[in-house]
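Descriptive structure summary
Given next are the chains, with one letter for each unit.
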Amino acid sequence: DTGVSQDPRHKITKRGQNVTFRCDPISEHNRLYWYRQTLGQGPEFLTYFQNEAQLEKSRLLSDRFSAERPKGSFSTLEIQRTEQGDSAMYLCASSLILAGADTQYFGPGTRLTVL
Amino acid sequence: SQQGEEDPQALSIQEGENATMNCSYKTSINNLQWYRQNSGRGLVHLILIRSNEREKHSGRLRVTLDTSKKSSSLLITASRAADTASYFCAMGSYNTDKLIFGTGTRLQVFP
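Residues numbered from 1 in each chain as written. Chains lettered and ligands numbered in written order. Predicted model: local features only at pLDDT ≥ 70, side-chain atom pairs only at ≥ 80, totals over all residues. Heavy atoms only, no water.

Examining the packing of aromatic side chains
Our working rule: Here the aromatic set is Phe, Tyr and Trp, taking the six-membered ring for Trp, and pairing holds for ring centres within 6.5 Å; pairs whose planes are under 30 degrees apart are stacked, those over 60 apart are edge-to-face, and all others are tilted. The helix count covers DSSP runs of H or I at least four residues long, the strand count covers runs of E at least two residues long, and both are numbered beginning at the N terminus. Any residue under 20% of the maximum accessible area for its type is buried, any over 50% is exposed, and the rest in between are partly exposed; the area is computed with a 1.4 Å probe on protein chains only. Two conditions define a charge sitting above a ring: the NZ of Lys or the CZ of Arg must be within 6 Å of the ring centre, and it must be within 35 degrees of the ring normal.
Taken as a whole, this structure holds 10 aromatic pairs over all chains when the rule is applied. Between the aromatic rings of Tyr 35 of chain A and Phe 101 of chain B, the centroid separation amounts to 5.7 Å while the plane-to-plane angle is 90 degrees, which identifies the pairing as edge-to-face. With Tyr 35 of chain A in strand β4 (residues 31-37) and Phe 101 of chain B in strand β10 (residues 99-101), this residue pair bridges two chains. The same class applies to Tyr 35 of chain A as to Phe 101 of chain B, namely buried. Above the plane of the ring of Phe 74 of chain A lies Arg 22 of chain A, whose end atom (NZ or CZ) is 3.9 Å from the centre.

Next up, the structure:
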């Protein structure tokens, strides 16, 4: 399968713990995006990369959140000192930007539950 | 939140009927995309329409875009039980490649 993959698919943690999620984009896609989705809502943008450069961060991304994309391949999203409000589905997407708008392809998501 | 709004929030129809979902947004867009999401899963891209296009077709899907009214519609013809899912519109703007998603329409198709 050459789609976007995310790991883990599910994560249950206790409040105050740190968690890290991984996203592997479609090979050769130069853009990688992170979104967060809570129950009954549409996804909300968190951040995106072009290759290894982080181009934009949402105000939703507090200081407890950090994302990296070393070498412009896979990406990690870390949440420190998790809070119950962080419980959500974290979605990763990738795209190949050549010119103009291009389709974003989404992974299956990581569902985080903070107890 | 900058989410677009979708209407209706929920829609129930019988197999074979057509389903129409509407999306309204507030800002200028470069493109508008529609996605489908089955319960608890990732999003599947359905169709992308650019701001200079007015209508686009893909199989049983027909999308229209009216930039003067800042609205779009998705029509699914001859619906099937497998079309049961949530449908989201997502707006792409000129100065950023992030997508702003609508609130979604939950479609249920009864056999």
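Description of the environment of Gly 59 of chain B
Residue and element names in this part refer to chain B. When you line up the elements, Gly 59 lands in the loop between β6 (55-58) and β7 (61-66). According to the relative accessible area criterion, Gly 59 is exposed, its value standing at 78%. Placed 18 residues apart in sequence, Gly 59 and Thr 77 show a C-alpha to C-alpha distance of 9.1 Å.

Overview of the interface of chain B and chain A
Applicable threshold: Residues count as neighbours in contact if any of their non-hydrogen atoms are within 4.5 Å of one another. Throughout, buried area stands for the accessible area (probe radius 1.4 Å) lost by two parts on being put together, summed over both. Throughout this description, the term salt bridge denotes a Lys or Arg side-chain nitrogen within 4 Å of a carboxyl oxygen of Asp or Glu. Contacts described as polar in this section are N or O atom pairs within 3.5 Å, which, within protein, must combine one atom able to donate a hydrogen with one able to accept it, while residues neighboring in sequence count only if both atoms come from side chains.
Residue-level contacts link 23 residues of chain B with 24 residues of chain A. Note on chain B versus chain A: buried area summed over both sides is about 1,700 Å², and carbon and sulfur give 47% of it. Three residues stand out in chain B for area buried against chain A, namely Leu 43, Asp 97 and Lys 98 of chain B, and they jointly supply 29% of the buried area on that side. The interface formed by chain B and chain A holds two salt bridges in total. With a closest N to O distance of 3.1 Å, Lys 98 of chain B and Glu 56 of chain A form a salt bridge. Scanning the region where chain B abuts chain A turns up six residue pairs in polar contact (both at pLDDT 80 or more). Only β4 (31-37), β5 (43-50) and β10 of chain B provide two or more residues apiece to the side of chain B that touches chain A.

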